Amino acid sequence: MFNSSKIITLIFVSLFLTLLASAQRNVIGMDRENLIRFGVKGGLNINKVDGTSYKEGFKYNYQFGGFMQINFSRRFGVQPEINFVQSEAEFNDDLSTAYDDLFFGGSQRNAKLNTLEIPVLLNVNVGQSKRVKLQVGPYYSNLLKQTVDSLKSNGDLYNKSSFGAMAGIWFQLPVVNFGARYKLGFTDINAVDDKQTWKDQAIQVFVGVTL
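The notes below deal with the structure included here. Just so it is clear, the structure is predicted and the values come from calculations on it, not from any experiment.

Observations regarding the pairing of strand 6 (residues 161-172)
At step 1: Residues Ser162, Gly164, Met166, Gly168, Trp170 and Gln172 line the buried face of strand 6, whereas the alternating positions Ser161, Phe163, Ala165, Ala167, Ile169 and Phe171 sit on a face that is not buried.
At step 2: In this structure, strand 5 (residues 132-148) lies alongside strand 6, joined through 11 bridges in antiparallel fashion. Residue Ser141 lies in a different strand from strand 6, and its bridge partner there is Ser162.
At step 3: Between the antiparallel neighbours strand 6 and strand 7 (residues 176-185) lie three residues.

Spelled out as structure tokens, the structure:
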């Protein structure tokens with residue numbers, strides 16, 4: 001015969017096992033990939049322009065935008081984005097005569113570039129969880145505005161469009177996302193002549209919200 005203490009113990013054990021099973025189901029459900037998710041993000045765009053006429057070193061600017069995740073399976077998905085990105089470039093004091101003629105006298109030879117950047121990235125989940133994703137893919141960039149200090153004319157120094165690739169890591173918490181990427185431009189953005197090749201590269205660090 002069961003006494004009252006054994007009955008109470010059995011009830012508590014049964015309740016504990018029920019709660020444990022329910023918690024396991026919730027964890028599994030949280031770790032499933034939704035077919036489509038949306039979100040926003042923003043952060044730093046740490047960029048430089050490579051070319052003989054440019055100073056070495058990266059410049060700190062910003063970027064923000066929105067994205068959509070399309071998850072084909074637990075392991076793979078694709079992530080198109082639309083981002084506003086600001087970049088910066090600084091000419092050095094070793095300009096050739098052709099490039100020196102573009103500017104007024106003085107040392108103000110900085111350029112601000114505002115671009116609309118559209119990456120399409122492949123997401124690859126690492127391990128059994130969807131929380132860590134490796135990302136790689138191409139991007140298209142459209143130059144919205146270029147502002148160059150001490151420019152003699154109103155001509156454009158930079159091409160309006162460019163292509164490149166980026167790769168990085170994305171950490172997806174239930175709501176918050178954060179990560180980092182390296183971006184490398186393939187297109188020569190020099191719109192002045194073909195004497196030098198100018199190419200953009202950047203490190204992007206971001207944090208955002210996924211719905």
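Moving on, there is more to tell.
Looking at the pattern of salt bridges
At step 1: Tallying each qualifying case throughout the model produces 10 salt bridges.
At step 2: The shortest N-O distance in the salt bridge between Arg181 and Glu81 comes to 2.5 Å. Highlighted residues: Arg181 in strand 7 and Glu81 in strand 3 (residues 76-90), separated in sequence by 100 residues.
At step 3: Residue Arg181 is classed as buried on the basis of its relative accessible area of 3%.
At step 4: A salt bridge links Lys183 to Glu117, with the shortest nitrogen-to-oxygen separation between them at 2.7 Å. With Lys183 in strand 7 and Glu117 in strand 4 (residues 110-125), this residue pair connects regions lying 66 residues apart in the sequence.
At step 5: Judged by relative accessible area, which is 1%, Glu117 ranks as buried.
At step 6: A network of salt bridges, in which partner residues are shared, links Lys41, Glu81 and Arg181.

Parameters at a glance
Residues numbered from 1 in each chain as written. Predicted model: local features only at pLDDT ≥ 70, side-chain atom pairs only at ≥ 80, totals over all residues. Heavy atoms only, no water. Buried < 20%, exposed > 50% of the residue type's maximum accessible area, 1.4 Å probe, protein only. Helix = DSSP H or I, 4+ residues; strand = E, 2+ residues; numbered from the N terminus. Pairing = 2+ DSSP bridges. Salt bridge = Lys/Arg side-chain N within 4 Å of Asp/Glu carboxyl O.

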